[in-house]
Amino acid sequence: MDKKFKVAVMGATGAVGQVFMWMLADHPWFEVSYATASASRVGLQYASTVHWVLPMEMPEQIKTIEIQEFNFEAMKEAGVQIVFSALPAEVAREAEPQLRANGFYVFSNAAAMRYDSNVPILIPETNLEKLDLIKDQGYPESGFVVTNANCVTTGLAMALAPLRKFGIKTIMMNSYQSVSGAGYPGLSSFDITDNCIPFIKGEEEKIEKEVKKILSISPEVYAYTVRVPVMFGHLESVWLDLEQDVEIEDVIKAWADFKEVAELPSTPKQPVEYGSDNTFPQPKYAFWGNPKGMVVYTGRLKKKNGKIGFLLLVNNIVKGAAGGSIQNAEAFVERFGLRK
Ligand SMILES: NC(=O)c1ccc[n+]([C@@H]2O[C@H](COP(=O)([O-])OP(=O)(O)OC[C@H]3O[C@@H](n4cnc5c(N)ncnc54)[C@H](OP(=O)(O)O)[C@@H]3O)[C@@H](O)[C@H]2O)c1
C-alpha cells in the first residue's frame, strides 16, 4: 500500500493503549497521527508521560508523539479516519457515539457499545460476515463502531469456532486471568500478591452474552472467573457437551484446519495452535507466535463421559484487546476494498 491510513489511539497510555502504540509503530497499513489520554497529559511527549508496562522496549517512532486533547476538528485536520479506542467503558459510552456521528471509523475495546444490535463484536477468524453490520449504522455515508470481545471471551470464541460444527450444547469454564486485564495501575499489589481473587465484576455475564453473539450459538454457559498474580495472558479451562460423539483426534484436526480467513498483516497463519505436552499452555508463552501475542494456544485435551475438556491461553492485551482491534480494522479495509 503506497499511502498509510492515519489513525488515532484514544487512551494511548493505558495497558491496551500501549499495545496499540507498539503494534502500530511499524504497521504496514496504518500510522498513528493522533494519540489521547486523560487531560493532565495533554501536550506531553509519549515517552515522557507513559508508564511503559510491556515486556519489550518502547519503539523509537512513538516516543515523541505528543498527547492531544479529544477534539474532532483537530483529529480531522490531522487526517484521521480510523480511531482505535482503549478508553474506559464509562468514557467510551459518551465518546464513541460522538466519534461515529462525526464520521470516524471506530474500532473499540470497550464494552460500552458491544451489545447494540447493529454493532458487531468482531473476531475476523470466526464471524467476518458480521462486519457488514456497519452498513446498518449508515456506512459508507457515516462513521461506525466495531467492537472486539472481552479478552477472556476472545480466547474462548477462538478455540470454540472450529468446534461449532460438532454442536456445542454446554460450556463449563473457569478462567485464571492476569492482572494486566484490569488495566494500569489496576489492582493493589496488597490484594493480588500471593493471592487469587475469585470474582471479576461483570466478567462471567459478559462471557455468556458475548460468546453467543459472536458465534451465533445458544449453549448453556457456566463460568467462573478468577484473577491470579500473573502479568500477562489469561488461561482458561473448558469442558464441553457436544451434540456429536467426537474423539480427541477430531478436535485436534478441527483446530489444525482452522486457518486465517484472509491475508491480514496481524492474523497468524495458524490462529489456534494445539500442543500435546502436559505442561502446555502457560501464561509465560503469552507473547509467543507471529505476530506476537496473536495466537491462541490450546492443550491438556481430554475426553471423559462423552465430554471434551481442554485448556487455552489467550494474550488478553494483544489478541484479546488491541491486536484484535487492529485485525478488525485490517479486515474492514480489506473487505470494503479500501486498500490504495
Ligand atoms: N486490559 C485488558 O486486558 C483489556 C482487554 C479487553 C478490553 N479491555 C478494555 O479496554 C479499555 C482500556 O483498558 P485498559 O486495561 O488499557 O485500561 P487502563 O490501563 O486503565 O487505560 C485507560 C486509558 O484511558 C485513558 N483515560 C482514562 N480516563 C479518561 C478520560 N476521562 N478521558 C480520556 N482518556 C481517559 C487513560 O489515560 P491516563 O493514563 O492519562 O489515565 C488510559 O490511557 C477498557 O474499556 C477495558 O475494559 C481491556
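As a convention, each chain's residues are numbered from 1 in the sequence order in which they are written. The model is predicted, so local features are restricted to residues of pLDDT at least 70 and side-chain atom pairs to those at 80 or more, both for listing and for counting; the totals for chains, interfaces and linings are taken over all residues. Only hydrogens and water are set aside when side-chain values are computed; all heavy atoms of the structure are taken into account.

Asks: Help me understand the site of the ligand in this model?
Replies: We call a residue near a molecule or strand whenever a single non-hydrogen atom of that residue lies within 4 Å of it. By nearness alone, 25 residues border the ligand, and T13, V16, S38, R41 and L87 come closest of all. Here a polar contact is taken to be a pair of N or O atoms separated by no more than 3.5 Å, where protein atoms must pair a possible hydrogen donor with a possible acceptor and residues adjacent in sequence count only if both atoms sit in side chains. A distance of 2.6 Å is found between an oxygen atom of the ligand and a side-chain nitrogen or oxygen belonging to T13. What sets the accessible areas is the Shrake-Rupley method with a 1.4 Å probe; for residues, cover comes only from the shown protein chains. When the free accessible area of the ligand is taken as 900 Å², the share hidden by the protein chains comes to 76%. Numbering of helices and strands runs from the N terminus, with a helix taken as a DSSP run of H or I at least four residues long and a strand as a DSSP run of E at least two residues long. The set of elements that each furnish at least two residues to the shell around the ligand consists of α1 (15–24), α5 (89–101) and α11 (318–335).

Asks: Mind showing me how you'd approach the sheet that holds strand β6 (residues 144–147) here?
Replies: If you walk across this open sheet you meet the six strands as β3-β2-β1-β4-β5-β6, and the pairing is parallel. In this open sheet, the two strands that pair with only one neighbour each are β3 (67–68) and β6. Pairing of strand β2 (residues 30–36) with β3 involves two bridges; the strand directions are parallel. By the bridge assignment, A35 is partnered in β3 with I67. The contact definition used throughout considers only heavy atoms, calling two residues in contact when any of these lie within 4.5 Å. Only C-alpha atoms enter the line fits that serve as axes; for helices the fit covers just the stretch in contact. Angles between N-to-C directions range over 0 to 180 degrees. Against the sheet, α11 contacts β1 (5–10), β2, β4 (82–85), β5 (105–108) and β6, and its axis sits at roughly 145° relative to β5. Only strands that DSSP links by at least two bridges are regarded as paired with each other.

Asks: Even after reading the chapter, I still don't get the domain arrangement of the protein, so can you show me in this structure?
Replies: As a measure of interface size, the accessible area lost when the parts come together is often cited. Where each domain begins and ends follows an automated or database-derived domain assignment. As far as domains go, the protein holds domain 1 (5–149 + 321–335) and domain 2 (151–315). Between domain 1 and domain 2, the C-alpha centre-to-centre distance is 24 Å. Contacts between the two partners involve 31 residues from domain 1 and, on the opposite side, 30 residues from domain 2. Three residues stand out in domain 1 for area buried against domain 2, namely Y115, E125 and T126, and they jointly supply 23% of the buried area on that side. Note: buried area is the sum, over both parts, of the accessible area (probe 1.4 Å) each one loses when the two are combined.

Asks: Mind showing me how you'd approach the nonpolar core here?
Replies: The nonpolar side chains of a soluble globular protein tend to be buried, and buried together. The biggest cluster of nonpolar side chains holds 52 residues, and the ones touching the most others in it are F30, I82 and F84. Elements represented by at least two residues in this core include exactly β1, α1, β2, β4, β5, β6 and α11. When residues of this core are sorted by domain, at least three fall in each of domain 1 (5–149 + 321–335) and domain 2 (151–315). Nonpolar cores were defined as sets of buried Ala, Val, Leu, Ile, Met, Phe, Trp, Tyr and Cys residues, with membership established by side-chain atoms within 4.5 Å. Relative accessible area decides the class of each residue, using a 1.4 Å probe on protein chains only: under 20% of the type maximum gives buried, over 50% gives exposed, and in between gives partly exposed. M158, I214, I217 and F258 belong to the second-largest nonpolar core, a separate cluster that totals 38 residues.

Asks: What is the right way to look at the environment of I121 in this model?
Replies: With respect to the helices and strands, the residue I121 is situated in the loop between β5 and α6 (124–127). Excluding anything up to four places from it in sequence, I121 contacts R114, Y115, N127, T147, N148, A149, E210, K213 and I214.

Asks: Any chance you could explain the UniProt feature "active site" (unreviewed entry) in the protein here in plain terms?
Replies: According to UniProt, the "active site" (unreviewed entry) feature falls on C151 and H234. In summary, the annotated positions, though distributed over 84 residues, converge in three dimensions, the widest C-alpha pair being only 8.1 Å. Summarising the element assignment, C151 is placed in helix α7 (residues 151–160). C151 sits in the buried class, given a relative accessible area of 12%. Contacts of C151, omitting those with residues within four sequence positions, involve E203, H234, V314, N316 and G320. In this fold, H234 is placed in strand β9 (residues 234–242). UniProt positions are given in the numbering used here, feature names are shortened, and annotations may be inferred rather than shown by experiment.

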